[in-house]
Amino acid sequence: MRSMSNAKRYTPRWCIVPAEDGSARVIAKTEMAVVVDGTNIVYVGALADAPHVDVHIDLPMHVLMPGLVNAHVHSAMVLLRGIADDAPLDSWLTQAIWPREAAHVNPAFVYDGTLLAAHEMLCGGITCAGEAYFYLESAATAFSKAGMRAMLAAPVIDFPTRYAANTDEYLQKALAAHDALREVPRMRVSLGPHAPYTVSDESFAKIRMYADELGLPVQMHLQETAREVTDSKAQYGVTPTQRLAALGLLTPALTVAHGVHLSSADIALLAQAGASVVHCPTSNMKLASGIAPMAEICAAGINVALGTDGAASNNRLDMWQEMRHAGLLAKVATGNAAALPAAQILHMATLGGARALGWDDEIGSLAAGKAADMIAVRIDSPDQLPMYDVLSHLVYVCDRSHVTDVWVAGAHVVADQKSLTLNADLLRQSALAWQGILQ
Ligand SMILES: [Zn+2]
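This report concerns the structure included in the present document. (Residues numbered from 1 in each chain as written. Predicted model: local features only at pLDDT ≥ 70, side-chain atom pairs only at ≥ 80, totals over all residues. Heavy atoms only, no water.)

Some words on the overall build of the protein chain
Filter applied, for reference: By the criteria applied, helices consist of DSSP H or I runs no shorter than four residues and strands consist of E runs no shorter than two, each listed in order from the N terminus. Using C-alpha atoms as the atom set, the radius of gyration is obtained and then compared with a globule rule of 2.2 Å times the number of residues to the power 0.38. Three labels apply to residues, based on accessible area from a 1.4 Å probe with only protein chains included: buried if under 20% of the type maximum, exposed if over 50%, partly exposed otherwise in between. Where accessible areas are quoted, they stem from the Shrake-Rupley method and a 1.4 Å probe; at the residue level, only the protein chains shown are allowed to cover. Under the counting rule used here, the positive set is Lys and Arg, the negative set is Asp and Glu, and His together with the chain ends is not counted. Here the site of a charge means NZ on Lys, CZ on Arg, CG on Asp, or CD on Glu.
For the protein chain, the count of helices and strands is 14 helices and 17 strands. Against the compact-globule benchmark of 22 Å for 439 residues, the protein chain has a radius of gyration of 21 Å, which places it among compact chains. Overall, the protein chain is about 65 × 45 × 45 Å in size when its C-alpha atoms are taken along their principal axes. Looking at the 439 residues of the protein chain, the share that counts as buried comes to 57%. As displayed, the protein chain has an accessible area near 16,900 Å², and 53% of this comes from carbon and sulfur atoms. One finds the centroid of the 30 positive side-chain charges in the protein chain at a distance of 3 Å from the centroid of its 43 negative side-chain charges.

The following block contains the structure:
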């Protein structure tokens, strides 16, 4: 065994780990130790059996848990936070968002916006983003500077933008980004066709070919609104999910965001394929898209992740809000207070997210051999007490202000609620400068 002289031993009050029966739930354990050597976790288990190391980090009133995975976000859109509230998805996109993007989105917008978003996410305990936006090399540079991890979905959409003129150019840029980011730590690239209503069958065939050839995950929006389903039936005679099935795109590598208007037949197709669904409850409520049938999706055995979507339709990048909203919505939608228990929601926000991104070999849980992406959540302030069930507290009591420390691949990136990698004053200046340009 190699020397553990630089290893660190973390001893929290509670440690959150996956349920031992393999179900999509987490459990809380006490008297545990987590040992990290360099970038990776080397031991998770009983404190009494932990290997001896010199550096001890005691967290006596904290929960230590895996970093939260925000499985669906358009980070740079944080610069459009709150710019067009109280509008439904169709007019929100076509009148408020797309014209501004057409006029202003360039590498500087993406870099500055992503840096601002990364600060918000890291300080709130999000260590990995399932990112989907333009100029992904600029986003990757920002995520790298912040010390965060990201799966960057390269956009493909059948209309021209400043980023690319046509489908082939989008695909060329995706392949170029895949090559450019291959050796960059903590960055991975996937393919991100925008949605079935903006991508043709011909383009989907090309996407499928590249995904198969390069072994890339595919992430896209699916059945976010009722109109998307009605239009698809009128144009193609089938639902978008059925159309994707016919095109051979329903595979374990596919992750779909929203799935608000999935039918039982659509859910069965996704389950059969082993695809994942990212639930974005706040964005779905705010754009009045509807309530995703999460109880049915979970019962079908589909892997479920949570996402904030972009800050333009949320208006935060806060996974604590998503967890709380996911729980409340599932209960009110089913009339069943037992729907979606906290243990399951916490799984969605961690290992479910890692699985959806195809990254669960490396992240999503505290386990020996995985990267040390961890957060410490303080749980002893008077507004949090008393506490009878720590999992329930994490979903329904805690918020981003209780996240004190964040580590990504073993590196301490947030300490005492302050970023160690980014300068908040510079971010403030940059955000206000963009506000002047965009308003
Ligand atoms: Zn989205």
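So that's the structure; there's more coming.
A short note on the coordination of the zinc ion
Note the threshold: Here a donor is an N, O or S atom found within 2.8 Å of the metal, or within 3.2 Å if the metal is Na, K or Ca; sites may look incomplete because water is not among the atoms. Each label reflects the angles at the metal, where four donors whose angles all fall between 85 and 135 degrees are tetrahedral, four or six donors whose opposite pairs open beyond 155 degrees and whose other angles stay between 65 and 115 are square planar or octahedral respectively, and the rest are irregular.
Looking at the metal site, the zinc ion is ligated by His72 (NE2), His74 (NE2), His221 (NE2) and Asp309 (OD), spaced 2.1 to 2.3 Å from it. Viewed at the metal, the four donor atoms of the zinc ion are separated by angles of 84 to 173°, and the geometry they form is irregular. Spacing between the donor residues of the zinc ion along their common chain follows H-x1-H-x146-H-x87-D. Highlighted residues: histidine 74 in the loop between strand E6 (68–73) and helix H1 (89–104) and aspartate 309 in the loop between strand E13 (303–306) and helix H11 (319–334), separated in sequence by 235 residues. A relative accessible area of 8% places histidine 74 in the buried class.

Overview of the packing of helix H2 (residues 107–123) against helix H14 (residues 424–438)
Defined as follows: Note on definitions: angles span 0 to 180 degrees between N-to-C directions of axes, and those axes are lines fitted to C-alpha atoms, for helices only across the stretch in contact. Put simply, angles under 35 degrees are roughly parallel, angles over 145 are roughly antiparallel, angles from 65 to 115 are roughly perpendicular, and the rest are oblique. Here a crossing is taken to be left-handed if its near helix is turned anticlockwise relative to the far helix by less than a right angle, and right-handed if that turn runs clockwise. A contact between two residues is defined here by any heavy atoms of the two lying within 4.5 Å.
Where H2 meets H14, the axes come as close as 10 Å, and the angle between the chain directions of the two elements is 130°. Between H2 and H14, the angle is such that the two are oblique. In terms of crossing hand, the pair formed by H2 and H14 is left-handed. From H2, Ala108, Phe109, Asp112, Leu115, Leu116 and His119 reach across to H14, where they touch Ala424, Leu427, Ser430, Ala431, Trp434 and Leu438.

Observations regarding the pairing of strand E3 (residues 32–37)
Let me state the cut-off plainly: Between any two strands, at least two bridges found by DSSP are needed for them to pair.
Within E3, six of the six residues are buried, which leaves it mostly tucked inside the rest of the structure. Of the two faces of E3, the one lined by Met32, Val34 and Val36 and the one lined by Ala33, Val35 and Asp37 are each fully buried. Relative to E3, strand E1 (residues 8–18) runs antiparallel, the two sharing three bridges. Looking at the pairing, tyrosine 10 lines up with valine 34 of E3. Counted between consecutive antiparallel strands, the loop separating E3 from strand E4 (residues 40–46) contains two residues, among which glycine 38 sits at a positive phi close to 65°.

Structural notes on the pairing of strand E8 (residues 149–156)
To keep it simple, the criterion reads: The handedness rule is simple: strands pointing away from the viewer, and a clockwise path from the first strand over the helix to the second, make the crossover right-handed.
Across the eight residues that make up E8, a large majority, eight, are buried. Pairing analysis gives five bridges linking strand E7 (residues 126–132) to E8, with the strands arranged parallel. Following the sheet pairing, alanine 132 is matched in E8 by alanine 153. Two elements, E8 and strand E9 (residues 187–193), share seven bridges in a ladder whose sense is parallel. In the strand pairing of E9, methionine 151 is matched with arginine 188. Between the parallel pair E8 and E9, the chain is carried across by helix H4 (residues 167–180), and the sense of this crossover is right-handed.

Focus on the state of the cysteines
Quick note on the threshold: Cysteine sulfur atoms that come within 2.5 Å of each other are treated as a disulfide pair.
This structure, assessed with the given rule, holds zero disulfides. The thiol of cysteine 128 is unpaired, and the distance to the nearest cysteine sulfur, on cysteine 280, comes to 14 Å. Given a relative accessible area of 0%, cysteine 128 falls into the buried group. Here cysteine 280 stays unpaired: no disulfide links it, and the sulfur of cysteine 298, its closest cysteine neighbor, is 14 Å away.

Here we look at the pattern of salt bridges
Put simply, the rule reads: Counted as salt bridges are all cases of a side-chain nitrogen of Lys or Arg within 4 Å of a carboxyl oxygen of Asp or Glu.
Applying the stated criterion to the full structure yields 18 salt bridges. Of the charged contacts in the structure, one is a salt bridge between lysine 206 and aspartate 168, with a shortest N-O distance of 2.9 Å. In this pair, lysine 206 sits in helix H5 (residues 201–214) while aspartate 168 sits in helix H4, placing the two residues 38 residues apart along the sequence. By relative accessible area, lysine 206 is classed as partly exposed at 27%. The salt bridge involving aspartate 231 is made with arginine 227; its shortest N-O contact spans 3.2 Å. Note that aspartate 231 and arginine 227 are positioned in helix H6 (residues 226–236) at a spacing of four residues, about one turn of the helix. Through salt bridges that share partners, Arg149, Arg188, Asp361, Glu362 and Asp373 make up one connected network.

Description of the nonpolar core
Which entries qualify depends on this criterion: Throughout, nonpolar core names a set of buried Ala, Val, Leu, Ile, Met, Phe, Trp, Tyr and Cys residues whose side chains join them through atoms within 4.5 Å.
Counting 118 residues, the largest nonpolar core has Met65, Phe109, Phe143, Trp320 and Leu394 as its most contacted members. With nine residues, the top contributor of residues to this core is H2. Those residues in contact with phenylalanine 143, other than ones at most four positions away along the chain, are Ser75, Thr114, Ala118, Met121, Ala129, Glu131, Met148, Ala150, Leu152, Arg186 and Met187. With 14 residues, the next largest nonpolar core counts Tyr10, Ile41, Met374 and Ala376 among its residues.

Considerations on the packing of aromatic side chains
Test applied: Note on aromatic pairs: the rings of Phe, Tyr and Trp (six-membered ring only in Trp) are paired at centre separations within 6.5 Å, and the planes decide the class, stacked below 30 degrees, edge-to-face beyond 60, tilted for the rest. Criterion for a charge above a ring: Lys NZ or Arg CZ within 6 Å of the ring centre, and within 35 degrees of the ring normal.
Across all of its chains, the model carries seven aromatic pairs by this definition. Ring geometry for tryptophan 98 versus phenylalanine 159: centroids 5.3 Å apart, planes at 65°, classification edge-to-face. Of the two residues, tryptophan 98 sits in helix H1 while phenylalanine 159 sits in the loop between E8 and H4, which places them 61 residues apart along the sequence. The class for tryptophan 98 is partly exposed, based on a relative accessible area of 24%. Between phenylalanine 109 and tryptophan 434 the ring centres are 5.3 Å apart and the planes differ by 85°, which places this aromatic pair in the edge-to-face class. Remark: tryptophan 434 occurs in helix H14 and phenylalanine 109 occurs in helix H2; sequence separation between them is 325 residues. There is no split in this pair, since phenylalanine 109 and tryptophan 434 are both buried. Site record: aromatic cluster; members linked through ring pairs are Tyr133, Phe134, Tyr135, Tyr163 and Tyr170. One cation-aromatic arrangement involves arginine 13 over tryptophan 14; the distance from NZ or CZ to the ring centre is 4.4 Å.

Purely geometric numbers; function is a separate question.
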